[in-house]
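Residue-level listing of the chains:
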2 protein chains.
Amino acid sequence: MIRTALAATALAPLFALAHPFVVATPLAAQVAEPQAAPSPNEIVAQADAGEWIAIAPEDLLVMTLAPDRDGQQRQVVIQLMPAPFSQGWVENIRTLARDQWYDGIAVVRVQDNYVVQWGDPDGEDDALAKPLPGGLRVMTQREYAADAPLRTLNDRFPGTGRDDYAENTAFIAGFPVGFTIYSPPPGTTPDRFLTSAWPIHCYGMVGVGRDYSPDTGTGAELYTVIGHAPRHLDRNIALVGRVVEGIEHLSSLPRGTGPLGFYEDEAQRVPILSLRVAADLPAAERPRFEYLSTEGATFARYAEARANRRDPFFIVPAGGADICNIPVPVRPVTP
Amino acid sequence: MIRTALAATALAPLFALAHPFVVATPLAAQVAEPQAAPSPNEIVAQADAGEWIAIAPEDLLVMTLAPDRDGQQRQVVIQLMPAPFSQGWVENIRTLARDQWYDGIAVVRVQDNYVVQWGDPDGEDDALAKPLPGGLRVMTQREYAADAPLRTLNDRFPGTGRDDYAENTAFIAGFPVGFTIYSPPPGTTPDRFLTSAWPIHCYGMVGVGRDYSPDTGTGAELYTVIGHAPRHLDRNIALVGRVVEGIEHLSSLPRGTGPLGFYEDEAQRVPILSLRVAADLPAAERPRFEYLSTEGATFARYAEARANRRDPFFIVPAGGADICNIPVPVRPVTP
């Protein structure tokens with residue numbers, strides 16, 4: 001019931017961000033109808049250079065798979081989750097990468113409309129498992145989230161924020177998050193606090209495989225989402241980043257035929273040749289990426305257009321969008 | 001605003017169906033916590049035989065792709081959309097299949113996190129396009145939907161129905177649909193009418209490719225969803241069914257590198273050897289499938305469990321689910 005009540009009271013964006021759902025209706029009414037409305041991608045293409053934020057080399061992982069059967073290279077680039085989320089696991093992943101621990105492990109599971117997972121194929125066998133480096137942190141389940149109050153909310157965009165899995169959603173530092181709200185007694189200033197926020201399982205997000213709770217995983221076993229957002233995993237598994245390039249090398253792999261999509265035949269596994277922090281590569285070999293600020297005017301226009309398609313193909317604008325249908329634009333930086 | 005108000009007034013299920021969102025909270029409070037809560041799939045496995053509904057052979061399509069490079073067979077089975085939705089296109093598709101028109105066309109487009117599309121590779125070239133059979137119907141955009149009042153609503157399940165793309169959602173005849181509501185003046189009986197309902201673009205749904213409106217497509221060009229539900233396509237393109245077996249033969253195809261994921265190299269296209277209505281196959285060759293009634297007690301339990309995972313892996317039940325995260329169970333019938 002509290003969630004229904006909150007949905008109706010028009011929660012405002014977090015960090016004064018443009019919330020995609022709440023801006024949709026007001027902007028649609030204000031914008032004069034152009035001759036041919038731009039598509040969301042056309043809006044992004046018009047962004048000022050200053051609205052793009054460079055991703056630090058320390059926050060990019062370069063994962064190189066064995067070439068495919070035609071000898072084609074397969075490289076996947078992952079952006080690590082920014083603070084304040086999941087930072088213990090993110091540190092562990094840098095430690096594992098710098099130990100070159102991931103080199104020689106493999107993609108072991110491909111479950112249709114769900115996840116691709118990679119790890120030590122012998123990880124379940126104590127006698128055969130690849131030893132982990134020292135210095136890994138042991139995390140608790142709650143440490144994926146930012147507990148609060150992070151910052152107060154305001155009511156800049158009265159509107160229609162709705163979500164089936166969280167009281168509301170927004171973007172923080174370029175990532176989709178869900179959050180809960182605490183409303184203190186009337187008359188208190190400020191009148192609402194963000195009490196907890198956590199990352200959301202959209203397509204391409206990367207998370208930490210684990211066994212049954214209280215195990216939370218070290219970060220040695222990772223997965224990425226290749227289907228409809230499995231939001232029931234939110235707050236149950238730590239998310240540590242997202243694929244920003246090369247997801248097709250994972251999403252188009254043959255599906256495993258064992259339980260949960262594990263490969264039954266070892267020959268189907270896809271070896272991981274190396275996984276490196278971009279900062280550790282020679283400068284000339286570092287991939288460079290930037291994302292569109294989720295706090296800027298262009299992102300607000302883009303999100304509104306994702307929720308209300310007016311480009312020529314469309315007849316009935318939806319009037320809304322779930323947060324996973326508003327992927328944050330990320331692009332390579334060409335030298 | 002009307003959508004927010006409706007979300008807060010706990011709209012009831014359509015056709016007295018168990019609406020997944022609205023049953024979630026009440027049931028969660030009523031059910032005693034078992035020692036080990038069953039997973040959604042375990043709940044489905046316990047369904048009575050009478051809750052499974054056979055899919056008519058007239059409503060199943062068998063699409064055979066060319067074998068893969070290892071010589072493995074690739075068969076995809078599609079269930080056509082039941083009445084009252086999109087029936088003009090469904091009739092066209094049967095006409096095209098019975099003309100064997102689809103035989104020899106190809107998968108021409110694979111766009112990551114979006115769609116796989118098949119059709120006549122020369123369809124855009126009037127001189128080369130494969131002639132269509134006579135008797136195809138020309139449809140208008142609105143004919144995907146069932147306009148109303150189909151049936152009145154009741155308030156059997158007060159709850160939390162929410163959706164970003166429709167006033168509410170439900171299942172009709174085993175398919176996910178969105179719908180709008182008309183509320184007549186106070187004192188009128190019944191006090192609410194369903195005014196329009198339309199199928200929803202979940203993973204695996206099959207739709208009709210088209211050019212710019214008012215063209216609606218004939219059904220000769222089809223696509224299926226292989227990513228996060230592209231709900232902005234709802235009410236913009238006719239949905240005509242869903243893949244019930246073999247989607248992995250489409251979702252794991254290499255992504256196209258041309259605009260919109262079209263294959264740039266003709267050699268990448270995947271030939272369709274044949275596409276048949278199951279009813280036209282010899283009885284022994286007909287695939288048989290059945291789906292779990294979306295009106296039964298088991299589906300209600302299943303949907304509730306999808307929204308509130310309590311099986312051992314989970315720590316925080318979501319408390320809700322979007323309709324595309326409640327896939328309707330479909331299974332082959334073994335002789």
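Scroll up to find the structure.
Everything in this summary refers to the structure shown in the same document. From a predicted model like this one, the values you see are computed outputs, not experimental measurements.

## What about the sheet that holds strand β15 (residues 330–332) of chain B?
Residues and elements named next belong to chain B.
Then, in step 1: If you trace the three strands from one edge of the open sheet to the other, you get β1-β14-β15, paired in antiparallel fashion. Of all strands in the sheet, those bounded by a partner on one side alone are β1 (52–54) and β15. Geometrically, the sheet is characterised by an average inter-axis angle of 30° between neighbouring strands, direction not taken into account.

## Examining the pattern of salt bridges
Opposite charge on two side chains permits pairing when their charged atoms draw close.
Then, in step 1: All chains considered together, the criterion is met by 27 salt bridges over all chains.
Then, in step 2: When the shortest N-O distance is used, the salt bridge between glutamate 91 of chain B and arginine 137 of chain B registers 3.3 Å. Here glutamate 91 of chain B, found in helix α4 (residues 87–98), pairs with arginine 137 of chain B, found in the loop between β5 (115–119) and β6 (146–147); they are 46 residues apart in sequence, far enough to count as distant.
Then, in step 3: Overall, the relative accessible area of 36% leaves arginine 137 of chain B in the partly exposed class.
Then, in step 4: Here arginine 309 of chain B makes a salt bridge to aspartate 311 of chain B, at a shortest N to O gap of 2.9 Å. For the residue pair arginine 309 of chain B and aspartate 311 of chain B, the accessibility class agrees, reading buried in each case.
Then, in step 5: When salt bridges with common partners are traced through the structure, they connect Glu58, Asp59, Arg94, Arg98 and Asp280 of chain A into a single cluster.

## A closer look at the packing of aromatic side chains
Think of a pair of aromatic rings as described by two things: how far the centres are apart, and how the planes are tilted against each other in angle.
Then, in step 1: Within the structure shown, the criterion is met by eight aromatic pairs over all chains.
Then, in step 2: Ring centres of tryptophan 101 of chain A and tyrosine 102 of chain A lie 5.6 Å apart, and the angle between their planes is 80°; on these two criteria the pair is classed as edge-to-face. Each member of the pair, tryptophan 101 of chain A as well as tyrosine 102 of chain A, is classed as buried.
Then, in step 3: Arranged with centres 5.6 Å apart and planes meeting at 80°, the rings of phenylalanine 313 of chain B and phenylalanine 314 of chain B form a pair that is edge-to-face.
Then, in step 4: Judged by its relative accessible area of 22%, phenylalanine 313 of chain B is partly exposed.
Then, in step 5: The class for phenylalanine 314 of chain B is buried, based on a relative accessible area of 12%.
Then, in step 6: Taken together, the ring pairs connect Phe171, Phe299 and Tyr302 of chain A into an aromatic cluster.

## What to know about the environment of alanine 197 of chain B
All names here are of chain B.
Then, in step 1: Within the secondary structure layout, alanine 197 lies in strand β9 (residues 193–199).
Then, in step 2: A relative accessible area of 0% places alanine 197 in the buried class.
Then, in step 3: A sequence separation of 117 residues divides alanine 197 from leucine 80, and the C-alpha atoms of the two residues are 17 Å apart.

## Digging into the environment of valine 206 of chain A
All names here are of chain A.
Then, in step 1: Note that valine 206 resides in strand β10 (residues 205–208).
Then, in step 2: By relative accessible area, valine 206 is classed as buried at 1%.
Then, in step 3: For the pair valine 206 and threonine 95, spaced 111 residues apart in sequence, the C-alpha to C-alpha distance is 17 Å.
Then, in step 4: Residues within four places of valine 206 in sequence aside, it is in contact with Ile78, Leu222, Tyr223, Thr224, Leu239, Val240, Gly241, Arg242 and Val243.

## A short note on the sheet that holds strand β12 (residues 239–245) of chain A
All names here are of chain A.
Then, in step 1: Overall, antiparallel pairing links the eight strands, which are arranged β2-β3-β12-β10-β11-β5-β4-β13 in a closed barrel. Shown here is a sheet whose adjacent strand axes are inclined to one another by a mean of 35°, direction ignored.
Then, in step 2: Strands β2 (60–65), β3 (74–80), β10, β11 (222–225), β12 and β13 (270–277) of the sheet are contacted by helix α4 (residues 87–98), whose axis makes an angle of about 105° with β13.

Basis of the calculations
- Residues numbered from 1 in each chain as written.
- Chains lettered and ligands numbered in written order.
- Predicted model: local features only at pLDDT ≥ 70, side-chain atom pairs only at ≥ 80, totals over all residues.
- Heavy atoms only, no water.
- Pairing = 2+ DSSP bridges.
- Helix = DSSP H or I, 4+ residues; strand = E, 2+ residues; numbered from the N terminus.
- Axes fitted to C-alpha atoms, helices over the stretch in contact; angles between N-to-C directions.
- Salt bridge = Lys/Arg side-chain N within 4 Å of Asp/Glu carboxyl O.
- Buried < 20%, exposed > 50% of the residue type's maximum accessible area, 1.4 Å probe, protein only.
- Phe/Tyr/Trp six-rings, centres within 6.5 Å; stacked < 30°, edge-to-face > 60°.
- Contact = heavy atoms within 4.5 Å.

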